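Coordinate analysis (summary)
Below are the chains, spelled out letter by letter.
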Amino acid sequence: MVGYARAMTKKINHFSEMTAGDDVRAPYRHYQSWFDGQDVDRLSRKAQEAEVFFRRTGITFNVYGQSDAEERLIPFDLVPRILSGAEWSKLSRGIEQRVRGINAFLHDIYNRQEILRAGIVPVDLVARNDAFLPQMMDFTPPGGVYTHIVGTDIVRTGEDDFYVLEDNARTPSGVSYMLENRETMLQMFPELFSKIKVQRVSDYPKNLRRSLEASAPAGCTGRPCVVVLTPGIHNSAYYEHSFLADQMGVELVEGHDLRVIDGHIAMRTTRGYKVIDVIYRRVDDDFLDPLTFNPTSMLGVPGIMDVYRAGNITITNAPGTGVADDKAIYSYVPEIIEFYTGEKAILKNVQTHRCSEPDTLKYVLDNLSDLVVKEVHGSGGYGMLVGPAASKKELADFADKLRADPANYIAQPTLSLSTVPILTDAGLAPRHVDLRPFALVSPSSIDIVPGGLTRVALTEGSLVVNSSQGGGTKDTWVLES
């Protein structure tokens, strides 16, 4: 423990979630007591066992743009990230408020557009957004829900300082790793869970299916038929698609398995075609319906948008929700929340500079070495610049990109992200993390999994936690209150 505390003193202004000076913070005390009695060599062997388990199970991902197209294993660290019940209470209230605000915003921009008329959000930011779909205008999805599954990326900078980095309202991924991380920890260290009361995450698949069924079209009779629509085995998140279908006990289908029959979507079975009610789609908007969007798409279902607008199928998440993923729209979310709920945002945004504004662009260019710059539609850590870690050439090249297309970027200050311990050959060492909790939204409820996916920057000093950029994951514990 002393070695870990000393390692922390070398960091400047980074909040340690495990330690406070030479003391252990309350959420970690029982775990630290257990850890002190462990043999480090045994823990290292357990880490190797976990890697073998993940590889055997097939928990891998592809990195886009890699010429070898090799499947990679996301590194797993077996030291849990631990949050108290009180910390989680604030986070879950803030996430629920944010999800409600985003859903209200999506309904508004595709219908009355009151927030645009009020001048709260600039019209051009929506009208010229590639993710905005005119085909969704004057249409409300079944139950009024647009974002049935939401992943909210959160970082921490202090004891009570949590910030939302971005909202994933299209097709948030990573929940399968959250579930498998917990299952792995339960198998390797069952004694830990008898000593420490940790809230369950294993109910997520059951709750997901229940939430999807509750979002079925009004004309559905009997138990709704739910399927997971995948682009296929070559998609980087295919493991998660098949995992969730299996865990929910529903069919995993591809576009060629579905067709329009008598105004409904039906899937091919050994007994003929069966009408389905809810599609949990993991196919991007542009490939969903070749008759409406990309005519060359082989991944979607011709005519599905007509069935959708007729109210005979629920698509989760709704087409067009990507507007809420936009990082320029993100900068207005506190105002969006207040506009629709009348409440101040519980969770803060990171200060965001919109490079589309000339004065802001000049500021960003003048201070590029101190900022993090992201593409407004970017994800996975691609297309971004971490100024303090960039070379002079990287800064110069990125400055040229900004001047060429300033509206494609936003910039944010480099936050002093919190650290949590990981297991190294020398014992525990601090690394930076973020958190992606998952919210399930149905017409009658919002269910938030107690925990989520913690992503960790395994390289010392790095702030980039994305698996595609060398990050790993760890189990997230929320303690019973």
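- Per an unreviewed UniProt entry, the chain goes by the name Circularly permuted ATP-grasp type 2 domain-containing protein and belongs to Roseobacter denitrificans.

1. A few points about the packing of helix 9 (residues 204-214) against helix 10 (residues 238-248)
- At a closest axis distance of 8 Å, the pairing of helix 9 and helix 10 adopts a crossing angle of 80°. Classified by the angle between their axes, helix 9 and helix 10 sit roughly perpendicular to one another. Across from Tyr-204, Pro-205, Leu-208, Arg-209 and Leu-212 in helix 9, the residues of helix 10 making contact are Leu-244, Gln-247 and Met-248.
- The residue makeup of the contact of helix 9 with helix 10, split by class, is six nonpolar, one polar and one charged.

2. Examining the confidence of the model for the chain
- Across the chain, the average pLDDT comes to 91, with 92% of residues at 70 or higher.
- Overall, residues 1-11 carries pLDDT values under 50, and its contacts beyond four positions in sequence, including any with other chains, amount to 22 contacts.
- Note that residues 63-69 has pLDDT below 50 and, in this model, eight contacts with residues that lie over four places away or in other chains.

3. Focus on the sheet that holds strand 10 (residues 258-261)
- Taken in spatial order, the three strands make up an open sheet running 10-11-12, and their pairing is antiparallel. Each having just a single partner strand, strand 10 and strand 12 (272-275) make up the two edges of the open sheet. Neighbour-to-neighbour, the strand axes of this sheet turn through a mean angle of 45°, independent of strand direction.
- Pairing analysis gives four bridges linking strand 11 (residues 264-269) to strand 12, with the strands arranged antiparallel. Along strand 12, the bridge assignment pairs Ala-266 with Val-275.

4. Regarding helix 14 (residues 358-366)
- For helix 14, the set of buried residues is Thr-360, Leu-361 and Val-364. For helix 14, the angular spread of buried residues about the axis comes to 100°, placing them on one side. Among the exposed residues of helix 14, those pointing more than 90 degrees away from its buried face are Pro-358, Asp-359, Lys-362 and Asp-366.
- On its buried side, helix 14 packs onto strand 16 (353-354), strand 17 (371-375), helix 15 (392-404) and strand 19 (409-413).

5. Some points on the side chain of Asp-277
- Within the secondary structure layout, Asp-277 lies in the loop between strand 12 and strand 13 (278-281).
- Of the side chains with opposite charge, Lys-274 comes closest to the buried, unpaired Asp-277, at an N-O distance of 7.9 Å.
- Within the local environment of Asp-277, its side chain forms a polar contact with the backbone nitrogen of Cys-225, the two atoms lying 2.8 Å apart.
- Leaving out residues up to four positions away in the same chain, Asp-277 has contacts with Ala-216, Pro-217, Cys-220, Arg-223, Pro-224, Cys-225, Ile-313 and Thr-314.

6. Considering the environment of Met-178
- You can see Met-178 is positioned in helix 7 (residues 175-188).
- For Met-178, a relative accessible area of 2% gives the class buried.
- Taking C-alpha positions, Met-178 is 9.4 Å from Pro-437, a pair spaced 259 residues apart along the chain.
- The contacts of Met-178, once residues within four sequence positions are left out, are Val-201, Tyr-204, Phe-438, Val-449, Gly-452 and Leu-453.

7. Points about helix 4 (residues 85-109)
- Taking 1.5 Å of rise per residue, the 25 residues of helix 4 would be expected to cover 36 Å, and the 36 Å separating its terminal C-alpha atoms lies within 8% of that figure.
- Of all 25 residues in helix 4, 18 are buried; the element is thus mostly enclosed.

Cut-offs used in this document
Residues numbered from 1 in each chain as written. Predicted model: local features only at pLDDT ≥ 70, side-chain atom pairs only at ≥ 80, totals over all residues. Heavy atoms only, no water. Axes fitted to C-alpha atoms, helices over the stretch in contact; angles between N-to-C directions. Helix = DSSP H or I, 4+ residues; strand = E, 2+ residues; numbered from the N terminus. Parallel < 35°, antiparallel > 145°, perpendicular 65-115°, else oblique. Contact = heavy atoms within 4.5 Å. Nonpolar A, V, L, I, M, F, W, Y, C, P; charged D, E, K, R; others polar. pLDDT = per-residue confidence, 0-100. Pairing = 2+ DSSP bridges. Buried < 20%, exposed > 50% of the residue type's maximum accessible area, 1.4 Å probe, protein only. Arc of directions from axis to C-beta. Lys, Arg positive; Asp, Glu negative; His and termini not counted. Salt bridge = Lys/Arg side-chain N within 4 Å of Asp/Glu carboxyl O. Polar contact = N/O pair within 3.5 Å; in protein donor to acceptor, adjacent residues only side chain to side chain. Expected span 1.5 Å × (residues − 1).

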